[in-house]
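Descriptive analysis of the structure
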Amino acid sequence: MRRSKNRGITEGSYRWIVYSVLLTTMVAFVVSIWDSHLYIGGDVMIPLTPTNNIKNLSTWYNGEESFHYVYLYWYGLYYILSFCGISPAVSQKVVIVLLVVLGYVSTYALQRECFKGTEYDKWELGHLAAVIFTFSPIHFIVIPGYMPVYGFPVCLYLLLKYINTGKGSYSFLFAISVGAFFFVDLPQPKILIVFGVTACLFAFAYAMAGYVPIGRVSRRVLVGGGLSVLMNCWALMPIAYVSLYGDFGERLISAVASHGGDADLAIASLPYIMRFFNGNVIKYYDKAGGFLTGNMFTAWSFGLWILILVGVVYLRKGSRERALYLGLLWSLMLVIFVAKWSNKPLGEVYRMAIIEVPLTRIFRTSSSVVMGGVLYYALLLTVAARNVAVKRDFVIVALCAHIVMYYPVYLGYKYYNPKPHNPEERGYRLPDEDYEMGKRLDALDGEGRVLVLPLSNGYVKKTWGYFGPDIMSWMTRRGMIFRGRGYGLSVESGGGYGTGMDSYNCKWYRSRNVGYVLVQKDTVGSGAGGSIEKGELIWEDKYFELYRVSNECNVEGVFWAAFAVEGAIDRGADVVRGTEKVELGREIGVGGFREMINTIPRIAVRERTRTRYVLDVENIGGPFVLVYADGFSKGWRAHVVSAGGGAEGKLNIEGGSGESRDGDDVAVGNHIMIDGYANGWRVGRKNGRSGAISGKVEIVVEYMPERIYDLGIVISGTTGIGYLGLLAYGRGRRRAQVWTGKA
């Protein structure tokens with residue numbers, strides 16, 4: 001058994017000390033977070049009912065463009081745990097622990113691969129790098145279980161293995177891992193871009209150090225990047241489509257406040273960012289903030305930076321290790337500079353960009369960019385520690401001391417709620433009534449939507465301290481109206497009720513296919529709508545009131561025929577629904593109609609998915625407006641498939657004189673906004689002439705980004721299968737050559 005030359009300690013004893021400390025730390029971490037609470041709130045939410053949530057993997061959900069489909073891997077993980085009977089609270093803890101372990105192991109493997117065959121290829125240095133990454137203040141910035149943080153070491157290790165070996169299996173796993181770890185942050189692309197830049201800088205530094213020719217590195221980085229794009233087309237193509245041709249690009253830019261260009265000015269200062277945290281941690285988290293501003297942490301963290309700067313002195317000039325060290329150091333400096341760029345010397349450029357170039361607002365919170373430099377920092381410290389260590393014991397002591405110093409990380413300081421939302425507690429325990437109400441909503445009759453009151457802008461504040469995403473929208477699979485956006489409403493800052501709520505009546509409910517009204521009594525502002533017409537009370541408990549809209553107000557179906565008041569339809573104002581034509585006609589006068597129609601089209605939905613409907617339309621007395629009562633989006637399209645007894649695009653039209661005309665095409669007009677929120681299309685004769693349409697007309701209404709999504713799945717699947725086929729063919733060919741050589 002090999003012994004240390006310094007103190008006669010065996011190799012096994014060294015390992016036993018390190019592994020004992022690591023195991024004790026992991027046990028302390030698991031114990032600290034193992035409770036029945038959910039670490040949610042703010043911008044954090046997890047699948048609360050995964051069997052329902054995974055059904056929302058679509059490009060359209062609850063009246064607006066949806067990006068739930070990019071969370072496939074994340075939802076899938078929770079779905080598997082749920083399938084095994086594990087509760088959401090426990091599932092979240094399992095996911096957090098798995099990510100921590102995966103990040104630790106992959107950082108260890110990255111350090112060993114990066115310095116393979118050198119004096120820095122030591123197991124204790126690999127563990128030191130893993131400890132520095134795992135116990136870093138960066139974990140105070142990000143949300144609990146934030147997958148991109150752990151994606152950096154996993155993906156960089158796979159990329160480096162591919163660069164060094166050229167084995168296609170590593171590039172395949174790299175492409176899968178990029179989608180699994182970094183797409184959970186989409187549609188905001190900031191962290192994905194940061195990873196791409198970080199990976200390129202790392203590969204470039206590795207090549208310039210002379211470990212691998214730069215030409216080979218460039219080719220393999222391009223192959224890895226290209227394969228990642230092709231294998232993730234299922235997510236990237238729909239996002240690109242709605243960004244260029246849909247509503248998402250404008251909405252994302254307009255929804256991100258610029259704060260006068262000072263968004264990160266106070267929190268991204270250099271003394272904070274260079275130690276991988278920002279001012280918000282100090283401001284909103286008492287325990288973590290107290291630790292980060294304490295004398296011990298301050299001395300230790302700045303001491304590590306001195307160690308990094310001194311470490312370069314010990315490296316032999318002209319050596320590969322020195323070149324790689326300097327490359328990583330310059331890359332780290334660049335990342336830190338970008339993370340703090342809202343401050344001097346380029347603070348004014350930052351302000352101008354944020355205010356004048358709306359697209360740059362995706363980098364409004366620049367401080368999180370610094371997570372791209374944590375791995376550089378960890379690798380640099382391992383080299384510096386090895387260089388200045390007089391004895392091997394120094395590395396072991398430094399490793400253990402770092403773990404002890406960063407006790408708030410593994411004692412769960414991150415998981416305390418921010419001020420002012422119950423900062424003395426970690427997470428929230430959701431009332432059992434929330435889960436019961438989710439099941440009750442799933443079991444309701446009919447297809448009518450649930451109007452959730454009070455309306456929100458996506459965030460709710462509860463009387464028991466919670467503040468964050470609306471909980472009930474994550475509990476049920478039933479369609480809900482829980483925020484004004486998408487349904488022609490605005491949310492008042494005072495009570496959380498939509499503007500004009502006093503006018504909610506049968507017409508409003510019918511036009512939005514509302515079948516039920518749910519009042520969340522524990523939501524701040526829920527008492528403001530007491531006078532609103534809600535219908536029959538069918539359930540009440542401490543937290544909820546559930547009403548069924550009266551039958552006369554609940555007309556099942558999201559499609560209906562409308563007849564426009566002169567000029568109103570072009571302005572996106574109110575229209576007259578077909579079922580109300582007679583009564584409203586008396587009130588506004590027949591002359592108020594553009595065209596008086598004596599029959600109301602009958603619309604039946606023959607086939608349906610979340611993003612595609614096949615309609616059979618009959619009894620068409622003349623031109624009308626086909627209304628789809630869901631949030632208006634440029635992505636919705638309508639077209640005629642067949643008419644007039646099944647002849648493709650043909651129909652029989654009876655003119656005003658009773659003369660029969662055959663062979664004219666059914667026309668679906670331009671896409672227009674109805675009632676300030678819904679989708680509408682004019683349907684009638686192609687030549688614009690009046691007259692009844694006899695027979696059945698088949699119209700397809702679909703959301704076009706879903707087609708792009710389907711095409712992306714085909715491209716990704718074909719790429720993955722084809723690439724695996726090439727790998728299998730290459731391996732079989734090599735085996736055949738070896739066999740032939742032996743023969």
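Residues numbered from 1 in each chain as written. Predicted model: local features only at pLDDT ≥ 70, side-chain atom pairs only at ≥ 80, totals over all residues. Heavy atoms only, no water.

1. Focus: the overall build of the protein
Per the secondary structure count, the protein includes 25 helices and 20 strands. Taken over 743 residues, the protein has a buried fraction of 55%. When contacts within the protein are restricted to residue pairs at least 6 apart in sequence, those whose partners lie at least 24 apart make up 74%. On the protein, roughly 32,100 Å² of surface is accessible, and the fraction owed to carbon and sulfur atoms is 59%. (Helix = DSSP H or I, 4+ residues; strand = E, 2+ residues; numbered from the N terminus. Buried < 20%, exposed > 50% of the residue type's maximum accessible area, 1.4 Å probe, protein only. Contact = heavy atoms within 4.5 Å. Areas by Shrake-Rupley, 256 points an atom, 1.4 Å probe, with all protein chains shown as cover.)

2. Remarks on a positive patch on the surface
Positive charge collects at one region of the surface, where Lys 167, Arg 731, Arg 734 and Arg 735 lie side by side. Mapped onto the secondary structure, Lys 167 falls in the loop between helix H7 (147–165) and helix H8 (168–182). (Patch = residues over 30% accessible without salt bridge, like charges linked within 9 Å, V, L, I, M, F, W, Y side chains within 5 Å. Salt bridge = Lys/Arg side-chain N within 4 Å of Asp/Glu carboxyl O. Lys, Arg positive; Asp, Glu negative; His and termini not counted. Charge placed at Lys NZ, Arg CZ, Asp CG, Glu CD.)

3. What about the side chain of Ser 301?
Within the secondary structure, Ser 301 is located in helix H16 (residues 295–311). At 3.2 Å, the side chain of Ser 301 forms a polar contact with the side chain of Arg 275. From its side chain, Ser 301 meets the backbone oxygen of Phe 297 in a polar contact 2.8 Å long. (Polar contact = N/O pair within 3.5 Å; in protein donor to acceptor, adjacent residues only side chain to side chain.)

4. A closer look at helix H1 (residues 11–33)
Given a rise of 1.5 Å per residue, 23 residues ought to cover 33 Å, and the 34 Å separating the end C-alpha atoms of H1 matches this to within 8%. Buried within H1 we find Glu 11, Tyr 14, Val 18, Leu 22, Thr 25, Phe 29, Ser 32 and Ile 33. Residues of H1 that are buried in the fold lie against helix H4 (88–114), helix H5 (123–134), helix H20 (393–405) and helix H21 (407–410). (Expected span 1.5 Å × (residues − 1).)

5. Quick word on a nonpolar patch on the surface
A cluster of nonpolar side chains, Ile 306, Val 310, Val 313 and Tyr 314, forms an exposed patch at the surface whose accessible area comes to about 410 Å². Within the secondary structure, Ile 306 sits in helix H16. The exposure class assigned to Ile 306 is exposed, which follows from its relative accessible area of 54%.

6. Concerning the environment of Tyr 709
Structurally, Tyr 709 can be placed in helix H25 (residues 704–742). When the C-alpha atoms of Tyr 709 and Trp 234 are compared, they prove to be 5.4 Å apart, with 475 residues separating the residues in sequence. Each residue touching Tyr 709, except ones within four places of it in the same chain, is listed here: Thr 59, Tyr 69, Trp 234 and Pro 238.

7. Things to note about the sheet that holds strand E7 (residues 514–520)
In sheet architecture, strand pairing relies on hydrogen bonds along the backbone and comes in two forms, parallel and antiparallel. Strand order in the open sheet formed by five strands is E6-E3-E7-E9-E8, and the pairing between neighbours is mixed. Every other strand in the sheet has two partners, leaving strand E6 (480–483) and strand E8 (536–540) as the edge strands with one partner each. Pairs of neighbouring strands in the sheet enclose a mean axial angle of 25°, with direction left out of account. In this structure, E7 lies alongside strand E9 (residues 544–548), joined through five bridges in antiparallel fashion. Looking at E9, one finds that Tyr 516 is bridged to Arg 548. This element, helix H22 (residues 432–442), spans strand E3 (449–456), E6, E7, E8 and E9 of the sheet and lies at about 10° to E9. (Pairing = 2+ DSSP bridges. Axes fitted to C-alpha atoms, helices over the stretch in contact; angles between N-to-C directions.)

8. Re the packing of aromatic side chains
Summed over all chains, the structure comprises 42 aromatic pairs. Relative to Trp 123, the ring of Tyr 19 has its centre 6.3 Å away and its plane inclined at 45°; by these criteria the two rings are tilted. Note that Tyr 19 is positioned in helix H1 and Trp 123 in helix H5, a separation of 104 residues in sequence. Of the residues examined, Tyr 19 reaches a relative accessible area of 38% and is grouped as partly exposed. A centroid spacing of 5.4 Å and a plane angle of 85° characterise the contact between Phe 152 and Phe 182, whose relative ring orientation is edge-to-face. Here the residue Phe 152 occupies a position in helix H7, and Phe 182 occupies one in helix H8, the gap between them amounting to 30 residues. You can call Phe 152 buried: its relative accessible area is 1%. An aromatic cluster of at least three residues, connected via ring pairs, comprises Tyr 272, Phe 277, Phe 291, Phe 297, Tyr 406, Tyr 407, Tyr 413 and Tyr 416. The cationic tip of Lys 287 hangs over the ring face of Tyr 413; the distance from NZ or CZ to the ring centre is 5.8 Å. (Phe/Tyr/Trp six-rings, centres within 6.5 Å; stacked < 30°, edge-to-face > 60°. Lys NZ or Arg CZ within 6 Å of the ring centre and 35° of its normal.)

9. Concerning the pattern of salt bridges
Scanning all chains against the criterion turns up 17 salt bridges. Notably, a salt bridge pairs Arg 606 with Asp 616, separated by 2.8 Å at the nearest N-O pair. With Arg 606 in strand E12 (residues 602–608) and Asp 616 in strand E13 (residues 612–618), the pair connects residues that are 10 residues apart, well separated along the chain. According to the relative accessible area criterion, Arg 606 is partly exposed, its value standing at 40%. Residue classification places Asp 616 among the buried positions, given a relative accessible area of 11%.

10. Examining the environment of Tyr 157
Along the chain, Tyr 157 falls in helix H7. Sequence separation between Tyr 157 and Tyr 170 is 13 residues, and the spatial gap between their C-alpha atoms is 9.2 Å. Once residues within four sequence positions are removed from consideration, Tyr 157 is found in contact with Ser 106, Ala 109, Leu 110 and Glu 113.

11. Considering unusual backbone geometry
Here the residue pair Leu 186 and Pro 187 is connected by a cis peptide bond, since its omega of 15° sits within 30 degrees of zero. Note on placement: Pro 187 falls in the loop between H8 and helix H9 (190–208). The step from Lys 419 to Pro 420 runs through a cis peptide bond, and the omega angle for that step is 5°. Summarising the element assignment, Pro 420 is placed in the loop between H21 and H22. Within the chain, Phe 276 stands out as a residue other than glycine whose phi angle is a positive 70°. Relative to the helices and strands, Phe 276 resides in the loop between helix H13 (270–273) and helix H14 (279–284). Given a relative accessible area of 2%, Phe 276 falls into the buried group.

12. Observations concerning the environment of Pro 705
Structurally, Pro 705 is set in helix H25. Sequence separation between Pro 705 and Ala 240 is 465 residues; the distance between their C-alpha atoms is 9.6 Å. If we ignore the near neighbours within four places in the chain, the residues touching Pro 705 are Thr 59, Pro 238, Tyr 241, Val 242 and Gly 635.

13. Quick notes on the pairing of E7
The buried count for E7 comes to seven of seven residues, which makes it a mostly enclosed element. Of the strand pairs in this sheet, E3 and E7 are connected by five bridges, and their pairing is parallel. In the sheet register, Arg 449 faces E7, and the bridge partner there is Val 514.

14. Some points on the confidence of the model for the protein
The pLDDT averaged across the protein works out to 80; a share of 79% of its residues lies at or above 70. For the stretch residues 1–6, pLDDT sits under 50, and the model shows 11 contacts to residues farther than four places along the chain or on other chains. Here residues 491–503 scores under 50 on pLDDT; set against residues more than four positions off or in separate chains, the count is 30 contacts. (pLDDT = per-residue confidence, 0-100.)

15. Quick look at the packing of helix H3 (residues 72–83) against H4
Running from N to C, H3 and H4 cross one another at 125°; their axes reach a closest spacing of 10 Å. The angle between H3 and H4 places the two elements in the oblique class. Of the two elements, H3 crosses H4, and the hand of that crossing is right-handed. Contacts between H3 and H4 involve Leu 77, Tyr 78 and Leu 81 from the first element and Ser 91, Gln 92, Val 94 and Val 95 from the second. Grouping the constituent residues of the contact of H3 with H4 by class yields five nonpolar, two polar and no charged. (Parallel < 35°, antiparallel > 145°, perpendicular 65-115°, else oblique. Left-handed = near helix turned anticlockwise from the far one by under 90°. Nonpolar A, V, L, I, M, F, W, Y, C, P; charged D, E, K, R; others polar.)

16. What about helix H11 (residues 233–245)?
The end-to-end C-alpha separation of H11 is 17 Å, in line with the 18 Å expected for 13 residues at 1.5 Å each. Three or more residues of H11 are buried, namely Cys 233, Trp 234, Ala 235, Pro 238, Ile 239, Tyr 241 and Val 242.

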